[in-house]
Amino acid sequence: SSDLFDETADGTMAAWSLGLRKFGRPDIVLLGIAPDAATDAALLLRDIAQTLASGERIEPGDTVEAPGGRTMMASRFDPAIEPAVAVEGDALLLR
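So, a few notes on the structure that sits alongside this text. Owing to the predicted nature of the structure, the values given are computational and were not obtained by experimental measurement. (Residues numbered from 1 in each chain as written. Predicted model: local features only at pLDDT ≥ 70, side-chain atom pairs only at ≥ 80, totals over all residues. Heavy atoms only, no water.)

**Remarks on the sheet that holds strand β5 (residues 70-76)**
Across the sheet, which stays open at both edges, the six strands sit in the order β1-β2-β3-β6-β5-β4 with mixed pairing between neighbours. The two strands at the open ends of the sheet, each matched to only one other strand, are β1 (2-7) and β4 (63-66). For this sheet, the mean angle separating the axes of adjacent strands, direction not counted, is 25°. In this sheet, strand β3 (residues 27-33) lies alongside strand β2 (residues 13-18) in antiparallel orientation, the contact comprising three bridges. By the bridge assignment, M13 is partnered in β3 with I33. Of the strands in this sheet, β1, β2, β3, β4, β5 and β6 (91-94) are in contact with helix α1 (residues 38-53), which crosses β3 at around 160°. (Pairing = 2+ DSSP bridges. Helix = DSSP H or I, 4+ residues; strand = E, 2+ residues; numbered from the N terminus. Axes fitted to C-alpha atoms, helices over the stretch in contact; angles between N-to-C directions. Contact = heavy atoms within 4.5 Å.)

**Describing the environment of M73**
Mapped onto the secondary structure, M73 falls in strand β5. Expressed as a C-alpha distance, the spacing of M73 and D62, which sit 11 residues apart in the sequence, is 5.9 Å. Excluding its chain neighbours within four sequence positions, the residues that come into contact with M73 are G61, D62, T63, L93, L94 and R95.

**Brief notes about the pattern of salt bridges**
Going through the model one piece at a time under the given rule, you end up with two salt bridges. Taking the shortest distance from any N to any O, the salt bridge between D47 and R46 comes out at 3.7 Å. The exposure class assigned to R46 is partly exposed, which follows from its relative accessible area of 45%. (Salt bridge = Lys/Arg side-chain N within 4 Å of Asp/Glu carboxyl O. Buried < 20%, exposed > 50% of the residue type's maximum accessible area, 1.4 Å probe, protein only.)

**Some thoughts on α1**
Within an α-helix, residues lying three or four positions from one another point in the same direction, as the helix has 3.6 residues per turn. Between its first and last C-alpha atoms α1 spans 22 Å; for 16 residues at 1.5 Å apiece the expected length is 22 Å, and the two agree. Considered for burial, the residues of α1 that qualify are A41, L44, L45, I48, A49 and L52. Down the axis, α1 shows its buried residues gathered within 130° of arc, on one side only. Exposed residues lying more than 90 degrees from the buried face of α1 are T39 and D40. (Expected span 1.5 Å × (residues − 1). Arc of directions from axis to C-beta.)

Structure below.
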């Protein structure tokens, strides 16, 4: 899988995975990324995508450990909240 970034209206970045659907998993969306944190976000997306591609599941309400000891909660992504994100089908928002 790969990932894409785009700047959002408030100047932060959105990032999302592409290609997890071929593994029967939802793509992952991150919002509100500071531009100087884009590298960390890309690494986080890559790690989560690898975890999902290897057979793990993340469901809405699950938590994911992020680098630096942060815990992120998964929820169903609503494309209406961020038009910059171009995912197809089901996606999970981590925040």
